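# Notes for the structure review
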Amino acid sequence: MPGNVKAATSTNEPSDQTEAEIPHMSLLTVPILLTGQLVRWVEYERGMHARWMADVTGPSMHQVTDLVIARRPARLYRPSADAALPALVYLHGGGWVLGDIDCYDGVARRLAVACNTAVVSLGYRRAPEHPFPAALEDTVAAMEWLGAHGGEWGMDASRIGLAGDSAGGQLAAAAGLRLAASGGPRPALQLLIYPALDLRDQRGYPDIMTRVLSLYLGSRERTDGEVSPLLAPDLAGMPPTVIATAEHDVLHPQGEAFAARLQDAGVAATHLFGQGLQHGFLGQLGTVPATADFLTAIGSEVRRILHEAPDAGLRA
């Protein structure tokens, strides 16, 4: 791993107890706690998530550079020395609470190779410290910054897309909606991997979603299109979209429905179905060969759009 990138490690267990003394505090079983306990719980869960993602390693890159984009930490991955690469702004998963640039380092590297693009992994603000719409605002600001400055870092500013998995997929879709509505820079592509697109729907994860969404949204209306992009009244003007879902994921119907709504709105949308896979399969890239095969298929579709249609890119 290049010297300017530190490996994902976990030192975030609660300070007053050892891990062995604590029953595993999962998002499914822990109630919303008092403030001090909540802080320790979030730190613990972030550490556990980083340990799980540490199994995902990635290939060497031509260049890996830590940046600050619109006052947020970011990491640029360039898989080759090719000039003016298309790029993806990658928004990691983790339920708007967990995950960071370091523990998704391996995913970002593999995404860069699969798609043959530069990848900018964005350290957006997370709940509960920064609830909605902080992460969405960070995403939009990063797209605006890269539209103006991406060329200075070897990116083709006309071919910059958004990509995200799970909660990151929700952020990518919401940012696409906001940019379309505001007349801001239009992404060249949206890549949404097992995205959460209707936050009213808690099938399969009723407890986990209630608790996580209370941290992320508070009392925000869940029918708002920037919260639940599937419910947005107008999808016209959205960029070409690739949606990848997993067979064994309760969010699969949301992704399928979003692809259909985009197509009805005249947006080029492709739905890729991961047979036999489950939610969070990017976290299994190091252990389940089928996930790597599916990422290759996802990358092929992204390449088709970004490399064969450069005129469809980022523009004001």
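Preceding block: the structure.
Computed from a prediction, not measured in an experiment: that's the story for all the values here.

Right, let's get into the overall build of the protein chain. In terms of regular secondary structure, the protein chain is built from seven helices and eight strands. Within the span of the protein chain, comprising 316 residues, buried residues form 54% of the whole. Put simply, 78% of the contacts in the protein chain that link residues at least 6 apart link residues at least 24 apart. Split by element, the accessible area of the protein chain, about 12700 Å² in all, is 52% carbon and sulfur.

With 16 residues, helix α4 (residues 167-182) should reach 22 Å at 1.5 Å per residue; the first-to-last C-alpha distance of 22 Å fits that figure. All of the buried residues in α4 are Ala167, Gly168, Gly169, Gln170, Leu171, Ala172, Ala173, Ala174, Ala175, Gly176, Leu177 and Leu179. Gly183 sits one or two positions beyond α4 and adopts a positive phi of about 75°.

With that out of the way, let us pick up the packing of aromatic side chains. Counted by the stated rule, this structure contains five aromatic pairs. Their ring planes at 50° and their centres at 6.3 Å tell us that Tyr90 and Tyr104 sit as a pair that is tilted. Here Tyr104 lies in the loop between β3 (85-91) and α2 (105-115) and Tyr90 lies in strand β3, a separation of 14 residues in the sequence. One exposure class covers both Tyr90 and Tyr104, and it is buried.

Next up on the list: the pairing of strand β7 (residues 241-248). Most of β7 is tucked away: six of the eight residues are buried. When strand β6 (residues 190-193) meets β7, the two strands line up parallel, connected through four bridges. Across the sheet, residue Ile193 finds its bridge partner in β7, namely Ala244. Both β7 and strand β8 (residues 269-278) contribute to a ladder of seven bridges, which runs parallel. In the strand pairing of β8, Val242 is matched with Thr270. Each parallel crossover has a hand, and for β7 linked through helix α6 (residues 252-264) to β8 it is right-handed.

Here the focus is the sheet that holds β3. Pairing is mixed in the open sheet, where eight strands are placed in the order β1-β2-β4-β3-β5-β6-β7-β8. Looking at which strands have only one partner, the edges of the open sheet turn out to be β1 (63-69) and β8. Neighbour-to-neighbour, the strand axes of the sheet open up by a mean angle of 20°, direction not taken into account. Summarising the sheet, strand β5 (residues 155-165) and β6 pair through four bridges and their orientation is parallel. Looking at β6, one finds that Ala163 is bridged to Leu191. Sitting on the sheet, α4 touches β3, β5 and β6, and the angle it makes with β5 is about 135°. Along the sheet face, helix α7 (residues 289-308) touches β3, β5, β6, β7 and β8 and points at about 170° away from the line of β8.

A cis amide bond, omega 0°, links Ala127 with the succeeding residue Pro128. As for its position among the elements, Pro128 is in the loop between β4 (118-122) and α3 (134-149). The amide bond that connects Phe132 to the next residue, Pro133, takes the cis arrangement and shows omega of 10°. Within the element layout of this structure, Pro133 appears in the loop between β4 and α3.

Scanning the entire structure with this criterion turns up 13 salt bridges. The salt bridge involving Asp102 is made with Arg75; its shortest N-O contact spans 2.9 Å. With Asp102 in the loop between β3 and α2 and Arg75 in strand β2 (residues 72-78), this pair connects stretches of sequence that are 27 residues apart. As far as the burial class goes, Asp102 and Arg75 line up, both buried. Between Arg125 and Glu137 there is a salt bridge whose closest N-O contact spans 3.7 Å.

Turning next to the packing of α2 against α7. Relative to each other, α2 and α7 sit at 55°, their axes nearing to 7 Å. Comparing their axes, α7 and α2 come out oblique. Every pair of crossing elements has a handedness; the one defined by α2 and α7 is right-handed. Taking contact as the criterion, the partners of Arg110, Leu111, Val113, Ala114 and Cys115 in α2 are, on α7, Ala292, Leu295, Gly299, Ser300, Val302, Arg303 and His307.

Calculation notes
- Residues numbered from 1 in each chain as written.
- Predicted model: local features only at pLDDT ≥ 70, side-chain atom pairs only at ≥ 80, totals over all residues.
- Heavy atoms only, no water.
- Helix = DSSP H or I, 4+ residues; strand = E, 2+ residues; numbered from the N terminus.
- Buried < 20%, exposed > 50% of the residue type's maximum accessible area, 1.4 Å probe, protein only.
- Contact = heavy atoms within 4.5 Å.
- Areas by Shrake-Rupley, 256 points an atom, 1.4 Å probe, with all protein chains shown as cover.
- Expected span 1.5 Å × (residues − 1).
- Phe/Tyr/Trp six-rings, centres within 6.5 Å; stacked < 30°, edge-to-face > 60°.
- Pairing = 2+ DSSP bridges.
- Right-handed = clockwise from strand over helix to strand, strands pointing away.
- Axes fitted to C-alpha atoms, helices over the stretch in contact; angles between N-to-C directions.
- Salt bridge = Lys/Arg side-chain N within 4 Å of Asp/Glu carboxyl O.
- Parallel < 35°, antiparallel > 145°, perpendicular 65-115°, else oblique.
- Left-handed = near helix turned anticlockwise from the far one by under 90°.

Don't take any of this as a statement about function, it's just geometry.
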